[in-house]
Amino acid sequence: MAKIIMVQGTMSGVGKSLLVAGLCRLMKRDGYRVAPFKSQNMALNSFITEEGLEMGRAQVMQAEAAGIKPSVCMNPILLKPTDHVGSQVIVNGKVLGNMSAREYFAYKRKLIPDIIRAFQKLEEMADIIVIEGAGSPAEVNLRENCIVNMGLAQLVDAPVLLVGDIDRGGVFAQLLGTLILLTEEEQKRVTGLIINKFRGDSSLLDSGIDILEERGGIPVIGVIPYMELALEDEDSLTGRFDRRKQGAIDMAVIRYPRISNFTDFNVFEQIPEVSVRYVTAAPQLQGADIIFLPGSKNTMSDLTWMRQNGLEEAVKAMAGRIPICGICGGLQMLGESISDPQGMESGGSMKGMGLLPITTCLQSEKTRRQVHGAVEPLEGIFAPLSGCSYGGYEIHMGQTSSKQGAQKEPVFWTGDRANVYGTYVHGIFDRGEMATALVRALAERKGVDMQHAACENYEDFKETQYDKLADTLSAYLNMEEIYGMLRESHIQQPV
């Protein structure tokens, strides 16, 4: 049996995902086979494994930190919101169907056997499993049939580290209030408290920590400083969406309501002279050197949103003046039409932007595959990308056809309009030469000297960030106590 520990938080966005990644990297460096696990993740940023199965990117990041290949058993249930009250439910990497929140709440207990099987498979490959919770265990209205916080901790008999976010304020109330709302049995599972994202002199917390430990009866095992890391954050709470500063090369990404896999653009953030801004209104496109239309979980709905708020008209007006690139759902929007005969999204059909000579039909079977190769010859701004090697993955419901009668699906779809491109490949710029070639081409077009600019291979860059994360946790967490808290898993079969 693997030894286990679980990280839960007082709310979403307290840093659970990064702390799990950091613990994975630390334990790996200490010589253990370590793996992450999250029974249920709600996210629009997802990944396709070598087997063609879909999982949340947070567990992919954690697997990378652990130095192992991502496996769908690390995240057996993925919920991808389709609107405000429903989600696509993905189990063991494959689509189960769409459910409303109420339907899923009534159904989810049936997925416990899938969770157990995934966890047991993970035990076969790891000495230590670091488990991540979701949201807060103090959401007492969701306690019944919980499969991701204390319900999961009970299922596998996991000790729990409870994390609070001092950057938002009220961390003592967060931690103590959460403990008060737990049942007596749940309280006994909490073996340590962590204060995360602290700025300043930590000695100023001493008196508060004394009171917290006295009233909560649980030790504080670390005060983690605020860290500047270029790693993927929780997609619903990312701070990337708030950036407004424009760099020498300015990239504008349309932030529609159901934006997905915006991680495609993280690689460009390595270059200080490049800005990546997420825009929601047409005036925000002013000054952009390129416009990206990213992935979408509801392409037709998000295109309607763009049509209603003037972004579609603005993008079409700028096409020809600056390059436009769509990825996945963004590619589909750039075409002449999108149809949905089976009602996979909004149903019916609608006109696209008409910037690419393609049509898309949404189908029930999802395309899920990893891809790699070399970029075909391109013209225009993207010409320097010709021949560059790429790797990534496809994940889409749509089947796209070229009205020009292309026999083979290209890496980049193009048409008669200059500098309009589209691709289905997520992560296509992650290899450094691709991102570097694009940035230099944009700079040359603008008359800016950026021959010195270079993007490191994104996978290599992330390795430096995982080590930086682990170094910080090593300095500020009591790892001796954490190793002492590890417990062998003992699965409690549900009644």
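Our subject is the structure that appears above.
All figures in this text were calculated on a predicted structure; none of them were measured in a lab. (Residues numbered from 1 in each chain as written. Predicted model: local features only at pLDDT ≥ 70, side-chain atom pairs only at ≥ 80, totals over all residues. Heavy atoms only, no water.)

Asker: Would you mind going over the overall build of the protein chain with me for this structure?
Answerer: Secondary structure summary: the protein chain contains 14 helices and 24 strands in total. The C-alpha atoms of the protein chain give 23 Å as radius of gyration, which agrees with the globular expectation for 495 residues (23 Å, within 12%). Principal axes of the C-alpha set define a box for the protein chain whose edges measure 70 × 50 × 40 Å. Per-residue burial over the protein chain gives 57% buried out of 495 residues. Considering only residue pairs separated by 6 or more positions, the protein chain has 75% of its internal contacts joining residues 24 or more positions apart. (Helix = DSSP H or I, 4+ residues; strand = E, 2+ residues; numbered from the N terminus. Rg over C-alpha atoms; globule rule 2.2 N^0.38 Å. Buried < 20%, exposed > 50% of the residue type's maximum accessible area, 1.4 Å probe, protein only. Contact = heavy atoms within 4.5 Å.)

Asker: Got a minute to help me understand the side chain of Glu54 in this structure?
Answerer: With respect to the helices and strands, Glu54 occurs in strand β5 (residues 54-56). By relative accessible area, Glu54 is classed as buried at 1%. At a separation of 2.9 Å, a polar atom in the side chain of Glu54 contacts the side chain of Ser46. When near neighbours in sequence (up to four residues on either side) are disregarded, Glu54 contacts Ser46, Phe47, Ile48, Val72, Leu78, Lys80, Ile90, Gly93, Lys366, Arg368 and Ile395. (Polar contact = N/O pair within 3.5 Å; in protein donor to acceptor, adjacent residues only side chain to side chain.)

Asker: I would appreciate a short explanation of the packing of helix α1 (residues 16-29) against helix α2 (residues 57-66) in the present structure.
Answerer: When two helices pack together, you describe them by how their axes are tilted relative to each other and by the distance separating the axes. Across the interface, α1 lies against α2 with an axial gap of 7 Å and an inter-helix angle of 20°. Relative to α2, the element α1 is oriented roughly parallel. Judged by the sense of rotation from one axis to the other, the crossing of α1 with α2 is right-handed. Residues Ser17, Leu18, Val20, Ala21, Cys24, Arg25 and Lys28 of α1 lie in contact with α2, whose contacting residues are Ala58, Met61, Gln62, Glu64, Ala65 and Ala66. A breakdown of the residues in the contact of α1 with α2 according to their chemical character gives eight nonpolar, two polar and three charged. (Axes fitted to C-alpha atoms, helices over the stretch in contact; angles between N-to-C directions. Parallel < 35°, antiparallel > 145°, perpendicular 65-115°, else oblique. Left-handed = near helix turned anticlockwise from the far one by under 90°. Nonpolar A, V, L, I, M, F, W, Y, C, P; charged D, E, K, R; others polar.)

Asker: Help me understand the sheet that holds strand β22 (residues 389-402) in this model?
Answerer: Backbone-to-backbone hydrogen bonds pair the strands of a sheet. The strands run either parallel or antiparallel. Strands sit in the order β20-β19-β21-β22 across an open sheet of four strands; the sheet is mixed. In this open sheet, the two edge strands, each paired with only one partner strand, are β20 (348-351) and β22. Taking the axes of each pair of neighbouring strands and ignoring which way they run, one obtains an average angle of 30° across the sheet. For strand β21 (residues 358-374) and β22, the ladder comprises 13 bridges, and the chain directions are antiparallel. Along β22, the bridge assignment pairs Gly373 with Tyr390. (Pairing = 2+ DSSP bridges.)

Asker: How should the pairing of strand β16 (residues 290-293) be read in this particular structure?
Answerer: Note on strand geometry: in a regular strand, side chains alternate between the two faces of the sheet. Here β16 shows a buried face lined by Ile290 and Phe292 and a second buried face lined by Ile291 and Leu293. Examined bridge by bridge, strand β13 (residues 249-254) and β16 share three bridges and lie parallel to one another. Counted as the bridge partner of Val253 is Phe292 from β16.

Asker: What is the right way to read empty space enclosed by the protein from this model?
Answerer: If a probe as big as a water molecule is rolled over the atoms, it shows which places are left empty. Using the criterion set out here, one finds three cavities of 30 Å³ or more in the structure. Approximately 190 Å³ is the volume attributed to the largest cavity. If you trace the largest cavity, you find 19 residues lining it, with Ser296, Lys297, Cys328, Ile395 and His396 closest to the centre. Those elements that place two or more of their residues in the lining of the largest cavity are β17 (295-296), α11 (329-334), β21 and β22. No other element matches the three residues that β22 contributes to the lining of the largest cavity. Partitioned by chemical class, the residues of the lining of the largest cavity number five nonpolar, 10 polar and four charged. (1 Å grid on protein atoms, 1.4 Å probe; cavity = no way out; pocket = protein on both sides within 12 Å on 5 of 7 lines; lining within 4 Å. Points joined across faces, edges and corners; volume = space filled by probe spheres on them.)

Asker: Looking at this model, I keep getting lost on the nonpolar core. Mind explaining?
Answerer: Side chains that are nonpolar tend, in soluble globular proteins, to be buried together. Membership of the largest hydrophobic core comes to 76 residues, with the highest contact counts inside it found for Phe268, Leu293, Phe412 and Phe429. Looking at this core, the element that brings in the most residues is helix α12 (residues 432-446), giving eight residues. Sequence-distant contacts of Phe268, that is, excluding residues within four places in its chain, are made with Met251, Val274, Val276, Phe292, Phe429, Ala435, Leu438 and Val439. Listed in part, the 58 residues of the second largest apolar core include Val60, Tyr104, Leu152 and Val223. (Core = buried A, V, L, I, M, F, W, Y, C linked by side-chain atoms within 4.5 Å.)

Asker: Could you clarify how one ought to interpret helix α8 (residues 206-216) in this entry?
Answerer: Among the residues making up α8, those that are buried are Gly208, Ile209 and Leu212. Viewed along the axis of α8, the buried residues span an arc of 100°, placing them on a single side of the element. Summarising the geometry of α8, the exposed residues directed more than 90 degrees from the buried face are Ser207 and Glu214. Buried residues along α8 sit against α6 (171-181), β11 (190-198) and β12 (220-225). Just past α8, the residue Gly217 takes up positive phi, approximately 70°. (Arc of directions from axis to C-beta.)

Asker: Quick question: what am I supposed to make of the pairing of strand β7 (residues 86-91) here?
Answerer: Within β7, six of the six residues are buried, leaving the element largely enclosed by the surrounding structure. Residue alternation in β7 divides its side chains into two sets, Gly86, Gln88 and Ile90 and Ser87, Val89 and Val91, and both sets are buried. By the bridge criterion, five bridges tie strand β6 (residues 77-81) to β7 in an arrangement that is antiparallel. Across the sheet, the residue bridging to Pro81 is Ser87, located in β7. Taking the residues that link successive antiparallel strands as the turn, the β6-β7 hairpin has four residues. The pairing of β7 with strand β8 (residues 94-100) spans six bridges and is classified as antiparallel. When the sheet's bridge partners are listed, Ser87 is paired in β8 with Met99. The turn linking β7 back onto β8 is made up of two residues, and Asn92 within it adopts a positive phi angle of 55°.

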